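Secondary and tertiary structure notes
This is what each chain is made of:
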Amino acid sequence: MGVAERKNREREARERRITAAARQIAEAEGWSAVTVRRLADEIEYTQPVLYSHFKNRDAIVGAVALEGFREIKKVLQHAAQGPTDSRQAREDVAIAYLDFAREHPALYEAMFTMSTDLQFAKAGTPSELREAFEVLAAVVPPSCRDVDVATETFWAALHGLAQLESSGRIKHSTRLARAALLVHGLFE
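Residues numbered from 1 in each chain as written. Predicted model: local features only at pLDDT ≥ 70, side-chain atom pairs only at ≥ 80, totals over all residues. Heavy atoms only, no water.

Comments concerning helix H4 (residues 57-81)
The line we're drawing: Under the scheme used here, helices are H or I runs from DSSP no shorter than 4 residues and strands are E runs no shorter than 2 residues, and both carry numbers assigned from the N terminus. By definition here, a helix of n residues has an expected span of 1.5 Å times n minus one. Counted as a polar contact is a pair of N or O atoms within 3.5 Å, where, for protein atoms, one must be capable of donating a hydrogen and the other of accepting one, and residues adjacent in sequence contribute only when both atoms are in side chains.
For H4, with 25 residues, the first-to-last C-alpha span of 36 Å sits near the 36 Å given by 1.5 Å per residue. For H4, the capping residue at the N-terminal end is asparagine 56, with a side-chain oxygen 3.1 Å from the backbone nitrogen of aspartate 58.

Side note on the pattern of salt bridges
Just so we agree on the cut-off: Counted as salt bridges are all cases of a side-chain nitrogen of Lys or Arg within 4 Å of a carboxyl oxygen of Asp or Glu. Exposure classes here rest on a 1.4 Å probe applied to the protein chains alone. A residue is buried below 20% of its type maximum, exposed above 50%, and partly exposed in between.
Tallied over the full model, the rule gives 15 salt bridges. Between glutamate 15 and arginine 11 there is a salt bridge, and its shortest N-O distance comes to 3.7 Å. Highlighted residues: glutamate 15 and arginine 11, both in helix H1 (residues 3-29), separated by four residues, approximately one helical turn. Among the residues examined, glutamate 15 registers a relative accessible area of 25% and is labelled partly exposed. Assessed through its relative accessible area of 31%, arginine 11 is described here as partly exposed. Residue glutamate 188 pairs with arginine 87 through a salt bridge whose shortest N-O separation is 2.6 Å. With glutamate 188 in the segment after helix H9 (175-187) and arginine 87 in helix H5 (residues 86-103), this residue pair connects regions lying 101 residues apart in the sequence. We classify arginine 87 as partly exposed; its relative accessible area is 28%. Overlapping salt bridges bring together Asp99, Arg102, Glu165, Arg175 and Arg178 as one network.

Comments concerning the nonpolar core
Formally: Here, nonpolar core means buried Ala, Val, Leu, Ile, Met, Phe, Trp, Tyr and Cys residues that are tied together by side-chain atoms lying within 4.5 Å of each other. In what follows, residue pairs with any heavy atoms lying within 4.5 Å of each other are defined as contacts.
In terms of nonpolar packing, the biggest core is built from 57 residues, with Trp31, Leu39, Ile72, Leu76, Tyr97, Phe154 and Leu158 touching the most fellow members. Discounting chain neighbours no more than four positions away, the residues touching tryptophan 31 are Ala22, Ala26, Arg57, Val61, Val64, Ala106, Glu109, Ala110 and Met114.

Things to note about the environment of arginine 16
Relative to the elements of secondary structure, arginine 16 occurs in helix H1. Assessed through its relative accessible area of 51%, arginine 16 is described here as exposed. For the pair arginine 16 and leucine 39, spaced 23 residues apart in the sequence, the C-alpha separation amounts to 12 Å.

Digging into the packing of aromatic side chains
Which entries qualify depends on this criterion: Pairing of aromatic rings covers Phe, Tyr and Trp, the last counted by its six-membered ring, and requires centre-to-centre distances within 6.5 Å; plane angles under 30 degrees mean stacked, over 60 mean edge-to-face, and any other angle means tilted.
Counting across every chain of the model gives nine aromatic pairs. Seen in terms of ring centroids, phenylalanine 69 and phenylalanine 120 are 5.8 Å apart; in terms of plane orientation they differ by 65°. Their pairing is edge-to-face. Here the residue phenylalanine 69 occupies a position in helix H4, and phenylalanine 120 occupies one in the loop between helix H6 (105-112) and helix H7 (127-139), the gap between them amounting to 51 residues. The class of phenylalanine 120 is partly exposed, set by a relative accessible area of 30%. Here the aromatic rings of tyrosine 97 and tyrosine 108 are separated by 5.9 Å at their centres, their planes lie at 90°, and the arrangement is edge-to-face. Taken together, the positions of tyrosine 97 in helix H5 and tyrosine 108 in helix H6 put the pair eleven residues apart, joining distant regions of the chain. When sorted by exposure, tyrosine 97 lands in the same class as tyrosine 108, which is buried. By the ring-pair criterion, three or more aromatic residues cluster together here, those being Phe69, Tyr97, Tyr108, Phe112, Phe120, Phe133 and Trp155.

Written out as structure tokens, the structure is:
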């Protein structure tokens, strides 16, 4: 292994430590507890070292969000692969999405509500975001007039349900019925 390759691997390892520490603090105490100073203390590096990896806290949140998109893509793919019935696949994907949001509230917040430099639906959209979107699009019936618009609407409805559930404004006990109603209302 050459010096450059070793340094690159060490850099990537430090970045993983930084994002892992940010996620851990955010899940335990909320994103307001995640500061560059706190992260530097947690991983035992100086603040300038963190700034050599990420230009600011928002960039760290963005890196965590990208991890989240990689993770949700896998969760949604797994949910879509189970049933052979396309309606059931859509419902399973909807439930998997809601479960992901409930099980990873700080990660979900980084992905969808925190300030980041991530661009959605633009030429510069990171592949992690596009690929997660494509998993949702894969369960949208091809008969929809505009699959992208239908996918965006499906995603928006799921996000709204996830937000309402996390804030305790709707019951968790009726999520299966809501998912079925959403799929039926949008796609049938």
